[in-house]
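Next come the chains, spelled out residue by residue.
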Amino acid sequence: MEALELTIEQKYERLGEILRSMGKVVVAFSGGVDSAFLLKAALEFLDRDQVLAITADSETYPEREKHEAIQLAQELNAPHEVIHTSELNIPGYAENPTNRCYFCKNSLFDHLIPIAEARGFGYVVFGAIADDLGEHRPGLQAAHERGVRAPLLEAGIKKSEIRHLSRKFGLRTWDKPSFACLSSRIPYGELITAQKLSMIDQAEDFLIQLGFRQVRVRQHDNLARVEVPASDLAEVLAVAETVHAKLKEIGYAYVTLDLKGYRSGSLNEVLAPEQQAVNTAASV
């Protein structure tokens, strides 16, 4: 007989049990939907001095996201620090292999684990969720190898449930668009450079300033492939000349609009099934 699915409330109670069993946690805090909810829960179930949020600032992390993370931590009254990292200095990362996220997460944990150990925090935790087990997530393997925990995943909490609970608890991130590092905009095998990351950041910032909330600018050499939700395609076409002119100014020779619309991890669509399932063998 299959086990009954837990209710959202039961999953949240389970999350509390997991966090309390850890005692003191360092939270890898990007300011996104999942890490913001994890930080909120940690502060709810643990004492304030048992929680430390750390944000890693690097070339792949937009300034707007860093500033929002700082503001969110202040709103939550969470102990918070920003550290500086550089993915481009990680051997093998810039070559952009299909397991690029493994290198990134492993390097992040290289920074966070010593901080946790030096300050008496028993665990480093990050915001992986139940939905991640069905996607290409090499970072889960790095977490598994390093003993880094994913309480939301362990409690079986899904993205839709995080958004529901975030809204209930008054977190303004409840409807924040999904975000991934800027390197995820560059096809596997194409070299990642600081210049490319800067171009992507500038292009996405411009589109966000125009009012588009969920945006990806995928960079294929000197071509920008813009993804927005299918419902926003007509709005982009209405300002096509403006968008084209700005992205040409940024440095793109060609600007295209993906007619299928935004979808998370679209660059994973070229991977073989066995590559997409690489994370399932290392589920937390």
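See the structure printed just above.
As the structure is a prediction and not an experimental result, all values here were calculated from the model.

Draft legend 1. Structural detail: the overall build of the protein. The secondary structure content of the protein amounts to eleven helices and seven strands. For a compact globule of 284 residues, the expected C-alpha radius of gyration is about 19 Å, and the protein comes in at 19 Å, within 12% of that figure. Its C-alpha atoms put the protein at 55 × 45 × 40 Å along the principal axes. Looking at the protein residue by residue over its 284 residues, the buried ones come to 48%. Accessible surface, the protein: about 13,400 Å² in total, of which carbon and sulfur atoms supply 51%. Distance between charge centres in the protein, computed from 31 positive and 40 negative side chains, equals 2 Å.

Draft legend 2. How the structure looks around the packing of helix α1 (residues 8-22) against helix α2 (residues 33-45). Two elements in contact, α1 and α2, have axes separated by 9 Å at closest approach and are oriented at 70 degrees. When the axes of α1 and α2 are compared, the pair comes out roughly perpendicular. Crossing handedness for the pair α1 and α2: right-handed. Together, Y12, L15, G16, L19 and R20 of α1 and F37, L38, A41, A42, E44 and F45 of α2 make up the contact between the two elements. Of the residues contributing to the contact of α1 with α2, the split by class is eight nonpolar, one polar and two charged.

Draft legend 3. Structural detail: the state of the cysteines. Taken as a whole, this structure holds zero disulfides when the rule is applied. C104 takes part in no disulfide bond, and the closest cysteine sulfur to it belongs to C181, at a distance of 5.6 Å.

Draft legend 4. Focus on the sheet that holds strand β2 (residues 51-57). Strands sit in the order β3-β2-β1-β4 across an open sheet of four strands; the sheet is parallel. Unpaired on one side and paired on the other, β3 (80-84) and β4 (123-125) mark the two borders of the sheet. On average, each strand axis in the sheet is tilted by 30 degrees relative to the strand beside it, whichever way the strands run. Running at roughly 160 degrees to strand β1 (residues 25-28), α2 makes contact with β1, β2 and β4 of the sheet. Contacts between helix α3 (residues 63-75) and the sheet are confined to β2 and β3, with β3 contributing the most and set at about 155 degrees to the helix.

Reading guide: rules and limits
- Residues numbered from 1 in each chain as written.
- Predicted model: local features only at pLDDT ≥ 70, side-chain atom pairs only at ≥ 80, totals over all residues.
- Heavy atoms only, no water.
- Helix = DSSP H or I, 4+ residues; strand = E, 2+ residues; numbered from the N terminus.
- Rg over C-alpha atoms; globule rule 2.2 N^0.38 Å.
- Buried < 20%, exposed > 50% of the residue type's maximum accessible area, 1.4 Å probe, protein only.
- Areas by Shrake-Rupley, 256 points an atom, 1.4 Å probe, with all protein chains shown as cover.
- Lys, Arg positive; Asp, Glu negative; His and termini not counted.
- Charge placed at Lys NZ, Arg CZ, Asp CG, Glu CD.
- Axes fitted to C-alpha atoms, helices over the stretch in contact; angles between N-to-C directions.
- Parallel < 35°, antiparallel > 145°, perpendicular 65-115°, else oblique.
- Left-handed = near helix turned anticlockwise from the far one by under 90°.
- Contact = heavy atoms within 4.5 Å.
- Nonpolar A, V, L, I, M, F, W, Y, C, P; charged D, E, K, R; others polar.
- Disulfide = S-S within 2.5 Å.
- Pairing = 2+ DSSP bridges.

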